[in-house]
Amino acid sequence: MNPFDYARAAGAAAAVTQVAASPRAKFLAGGTTLIDLMKLHVETPDTLVDIGRLPLDKVEAVAGGGLAVGANVRNSDLAYHDAVLARFPVLSEALLSGASPQLRNAATVGGNLLQRTRCPYFRDGVSPCNKRAPGSGCAALGGHNRGNAVLGGSESCIATSASDMCVAMAVLNVTIKTQGPKGERAIPFADFYLVPGETPERETVLDHGELIVGVEWPALPAGAKSHYLKVRDRASYQFALASAAVVLEVAGGVVTTARVALGGVATKPWRVPDAEKLLVGRKPTAEAFAAAAEVATKGAVPRTFNGFKVALVRRVIVRALETVAAG
Amino acid sequence: MPPDPDPDRRDFIQGVAAGGLGVALLSTAGPGVAAADPPTGPGRAIPVQLTVNGQDHALTLDPRISLLDALREVLHLTGTKKGCDHGQCGACTVLVDGRRVNACLTLAASVAGSPVRTVEGLATGDDLHPLQAAFIKHDAFQCGYCTPGQLCSAVGLLKEAHATTDDEVREQMSGNLCRCGAYPNVVAAVQEVRLAARDAR
Ligand SMILES: Cc1cc2nc3c(=O)[nH]c(=O)nc-3n(C[C@H](O)[C@H](O)[C@H](O)COP(=O)(O)OP(=O)(O)OC[C@H]3O[C@@H](n4cnc5c(N)ncnc54)[C@H](O)[C@@H]3O)c2cc1C
Ligand code: SF4
Ligand code: FES
Ligand code: FES
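Quantities reported herein were computed from a predicted structural model and do not represent experimental measurements. (Residues numbered from 1 in each chain as written. Chains lettered and ligands numbered in written order. Predicted model: local features only at pLDDT ≥ 70, side-chain atom pairs only at ≥ 80, totals over all residues. Heavy atoms only, no water.)

(A) Quick look at the overall build of chain B. The helix and strand tally for chain B stands at seven helices and six strands. Its helices and strands taken in sequence order, chain B reads α-β-α-β-β-α-β-β-β-α-α-α-α from the N to the C terminus. Across the 201 residues in chain B, those meeting the buried criterion constitute 50%. For chain B, the accessible area works out to roughly 9500 Å², and carbon and sulfur atoms hold 55% of it. (Helix = DSSP H or I, 4+ residues; strand = E, 2+ residues; numbered from the N terminus. Buried < 20%, exposed > 50% of the residue type's maximum accessible area, 1.4 Å probe, protein only. Areas by Shrake-Rupley, 256 points an atom, 1.4 Å probe, with all protein chains shown as cover.)

Encoded structure:
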């Protein structure tokens, strides 16, 4: 690890000022992404501003049945929160499918939103990697890319977005609240992440020094059910090969609301609006789900070793939808 | 510490702690060190108050020191083990504020002010913690390297109270890898203590 100065943030505004003041300063929350990558010399901040104890730790009801969650709420606390378990099972399931109990006790909502890819060439610190060292190339394109993305990639980068939580948040229509050097803003989830394009080092629309203070989302439609399904190489403590978060509302025998997002296969949490549109107004049958899965993977670009993900994620979508439709 | 002709990493860190290098990498000597040796760039040693198994320690540490290295190399509490140093094995599991976390991905500085409990703090005098006794009874280890982490993790699991069935215990212990494959016996030990505590209530 390179040397750095450590300071505990006195408050949100002070933290923003401290990080904004130095181009290499970073916020530290649970540390489970940042400290890991600092040990690998992939992240090399010269200042860490520890925001882990700022009181951004509340889960509060918002009018109409939604929730407002502070950036420092730990992943385990959010997963087991009564309101989340009862009304947003997709989020609880996604959180509990991620990492381990120990990691979830440390990991925060803010940190999870900004966790980095697990692409092995990004993490090794030496291979050509446009995300880590812009302009150096992409070792994954012609390398061991079994875990890489088939959707949303470019010829600069095919890094998979690793988070489970974010896939669930994509179907909850979350808004991300921030406080930055230019003031406060509320960013819709759909606008928050960037596809790599030619600048894979830029992953979100956040400015340097912009602090996530929390997330907020509205209630689901009254009759809607939600679910997260994750498929991976071992039963637990492993990142997704393919996953799907789904929200489905069926009334009078036809689908009235459908939301589907994919994980493990794309460069950012991946909503599939065309597949959702196809489902609405149809009967919730196996054929409709298969058709939606087909549409969801349109435009997928399989690479040398990850072609299996296209078929796998289609099956994951179908099974996730069948599970919620069954009740 | 016995003399060692082939200094290992711990000797190195201790040598630095004693002022062996010009830079105050880390020190147990107290907050005076950083002032006596003005830093030229980032990475100044900072005062860190750690409370481990009920004992307070006023340390001056390089901010880079993880909780795991502070426990093992500075406080010589070597019960907590380093497996991967990257959050992937659970050997370093300790309890901070009563919650199980990976000490390797936790900066020592960031837990200042929070009580830390390690495997050394589980027994009461000569009385083993019920989980320690159950691990012995059920042969829940072979080489023992993962065991301190398994024990602290199991203490956290019982407190969290989200596991009832064997499958749930397995899932809730999945953050602790065991190369010797003692998993079935770990589950048996955890279940015995969980059920005994339930029956006692
Ligand atoms: C072995 C291992 C296995 C894992 N498995 C999974 C898995 O299966 N699924 C999964 O989804 N995740 C997994 N994770 C990742 C884990 O979920 C993330 O590391 C965690 O959520 C990050 O949160 P944190 O609070 O520790 O972030 P930190 O490491 O503290 O921060 C991460 C980044 O976010 C920034 N940041 C943090 N908080 C804020 C804020 N409020 N505002 C602005 N910036 C902020 C930091 O500056 C840093 O750049 C795994 C991690 C490990 C180590
Ligand atoms: S896929 Fe992205 S993160 Fe991986 S090596 Fe290529 S540029 Fe780097
Ligand atoms: S040493 Fe911390 S998880 Fe392996
Ligand atoms: S007992 Fe040897 S690693 Fe678990």
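(B) Focus on the overall build of chain A. For chain A, the count of helices and strands is 13 helices and twelve strands. Seen through its C-alpha atoms, chain A measures out along the principal axes to roughly 60 × 50 × 35 Å. When each of the 327 residues of chain A is scored for burial, the buried share is 57%. Contacts spanning at least 24 positions in sequence make up 62% of the contacts within chain A whose residues lie at least 6 apart. With an accessible surface of roughly 12600 Å², chain A has 55% of that area assigned to carbon and sulfur atoms. Of note, chain A has its 35 positive side-chain charges centred 4 Å away from the centre of its 28 negative side-chain charges. (Contact = heavy atoms within 4.5 Å. Lys, Arg positive; Asp, Glu negative; His and termini not counted. Charge placed at Lys NZ, Arg CZ, Asp CG, Glu CD.)

(C) Highlighting the nonpolar core. Counting residues in hydrophobic clusters, the biggest one holds 51 residues, and the most contacted among them are A:Leu91, A:Leu113 and A:Met169. Residue contributions to this core peak at seven residues, all from helix α9 (residues 165–171) of chain A. Residues contacting A:Leu91, with those up to four places away along its chain left out, are A:Leu78, A:Val84, A:Met165, A:Ala168, A:Met169, A:Leu172 and A:Trp217. Membership of the second largest hydrophobic core comes to 37 residues, among which are A:Leu34, A:Leu48, B:Val74 and B:Val96. (Core = buried A, V, L, I, M, F, W, Y, C linked by side-chain atoms within 4.5 Å.)

(D) Quick look at the site of ligand 1. What surrounds ligand 1 is a group of 36 residues, the closest being A:Phe27, A:Thr32, A:Thr33, A:Thr108 and A:Asp164. Site remark: ligand 1 is flanked by residues from chains A and B. Between an oxygen atom of ligand 1 and a main-chain N or O atom of A:Ala29, the distance comes to 2.8 Å. Alone, ligand 1 offers 980 Å² of accessible surface; in the complex the protein occludes 97% of this. Contributions of two or more residues to the shell around ligand 1 are made by β2 (25–28), α7 (109–113) and β8 (211–217) of chain A. (Near = heavy atom within 4 Å. Polar contact = N/O pair within 3.5 Å; in protein donor to acceptor, adjacent residues only side chain to side chain.)

(E) View of the pairing of strand β3 (residues 55–61) of chain B. Residues and elements named next belong to chain B. With seven bridges joining them, strand β2 (residues 46–52) and β3 adopt antiparallel strand pairing. Looking at β3, one finds that Thr 51 is bridged to Asp 56. Connecting β2 to the next strand, β3, in antiparallel fashion are two residues, including Asn 53 with a positive phi near 50°. (Pairing = 2+ DSSP bridges.)

(F) View of the interface of chain A and chain B. At the junction of the two partners, chain A supplies 36 residues and chain B supplies 34 residues. Regarding the contact of chain A and chain B, the summed buried area is about 2800 Å², with carbon and sulfur atoms giving 48% of it. Ranking the residues of chain A by area buried against chain B places A:Lys39, A:Gln102 and A:Tyr237 at the top, with a combined share of 23%. Its salt-bridge partner being A:Asp77, residue B:Arg99 comes within 3.1 Å of it at the nearest N-O pair. Counting across the chain A and chain B interface gives 28 residue pairs in polar contact (both at pLDDT 80 or more). (Buried area = accessible area lost by both parts, 1.4 Å probe. Salt bridge = Lys/Arg side-chain N within 4 Å of Asp/Glu carboxyl O.)

(G) How the structure looks around the site of ligand 2. Taken together, the neighbourhood of ligand 2 is formed by 15 residues, with A:Cys119, A:Cys129, A:Cys138, A:Cys157 and A:Ile158 sitting nearest. Tallied by class, residues from the shell around ligand 2 come to eleven nonpolar, three polar and one charged. (Nonpolar A, V, L, I, M, F, W, Y, C, P; charged D, E, K, R; others polar.)

(H) Local environment of the side chain of A:Lys309. Residue and element names in this part refer to chain A. Of note, Lys 309 is situated in helix α13 (residues 308–326). Here Lys 309 is buried and forms no salt bridge, its nearest opposite-charge partner Asp 233 lying at an N-O distance of 8.8 Å. Within the structure, Lys 309 has its side chain in polar contact with the backbone oxygen of Gly 147 (distance 2.7 Å). A distance of 2.7 Å separates the side chain of Lys 309 from the backbone oxygen of Gly 264, its partner in a polar contact. Not counting the four nearest positions on each side in its chain, Lys 309 is found in contact with Arg 146, Gly 147, Asn 148, Val 150, Thr 160, Leu 241, Gly 264 and Val 265.

(I) Representation of the packing of helix α4 (residues 130–137) of chain B against helix α5 (residues 147–160) of chain B. Residues and elements named next belong to chain B. At a minimum axis separation of 10 Å, α4 and α5 run at an interaxial angle of 125°. Relative to α5, the element α4 is oriented oblique. As α4 packs across α5, the resulting crossing turns out to be right-handed. Seen from α4, the contacting residues are Leu 131, Gln 132 and Phe 135; seen from α5, they are Thr 147, Gln 150, Leu 151, Ala 154, Val 155 and Leu 158. A class-by-class count of the residues in the contact of α4 with α5 yields six nonpolar, three polar and no charged. (Axes fitted to C-alpha atoms, helices over the stretch in contact; angles between N-to-C directions. Parallel < 35°, antiparallel > 145°, perpendicular 65-115°, else oblique. Left-handed = near helix turned anticlockwise from the far one by under 90°.)

(J) Looking closely at the confidence of the model for chain B. Residues and elements named next belong to chain B. Looking at chain B as a whole, the pLDDT averages 86, with 80% of positions reaching at least 70. When mean pLDDT is compared element by element in chain B, strand β4 (residues 93–96) scores highest at 99, while helix α2 (residues 32–36) scores lowest at 37. Taken together, the stretch residues 1–39 has pLDDT below 50 and engages in 48 contacts with residues farther than four places along the chain or on a different chain. Complex prediction metrics read pTM 0.94 and ipTM 0.97. (pLDDT = per-residue confidence, 0-100.)

(K) Broad picture of the environment of A:Val49. All names here are of chain A. Relative to the helices and strands, Val 49 is located in strand β3 (residues 47–50). Note: C-alpha distance between Val 49 and Ala 7 (42 residues apart in sequence) is 5.0 Å. Excluding anything up to four places from it in sequence, Val 49 contacts Ala 7, Ala 9, Ala 15, Gln 18, Val 19, Lys 26, Phe 27 and Leu 28.

(L) Highlighting the sheet that holds β3(A). Residue and element names in this part refer to chain A. Judged by pairing direction, the sheet is parallel, and its three strands sit side by side in the order β1-β3-β2 without closing on themselves. Of all the strands in the sheet, the pair left with one neighbour each is β1 (5–8) and β2. On average, each strand axis in the sheet is tilted by 25° relative to the strand beside it, whichever way the strands run. With four bridges connecting them, β2 and β3 associate as parallel partners. Counted as the bridge partner of Phe 27 is Val 49 from β3. Its contacts with the sheet place helix α1 (residues 12–20) against β1, β2 and β3, and it is angled at close to 145° to β2.

(M) Just the pairing of strand β7 (residues 183–188) of chain A, in detail. Residue and element names in this part refer to chain A. Relative to β7, strand β6 (residues 175–180) runs antiparallel, the two being bridged by six bridges. In the strand pairing of β7, Gly 180 is matched with Gly 183. In textbook terms, the turn of a hairpin is the stretch between consecutive antiparallel strands, and for β6 and β7 this stretch comprises two residues.

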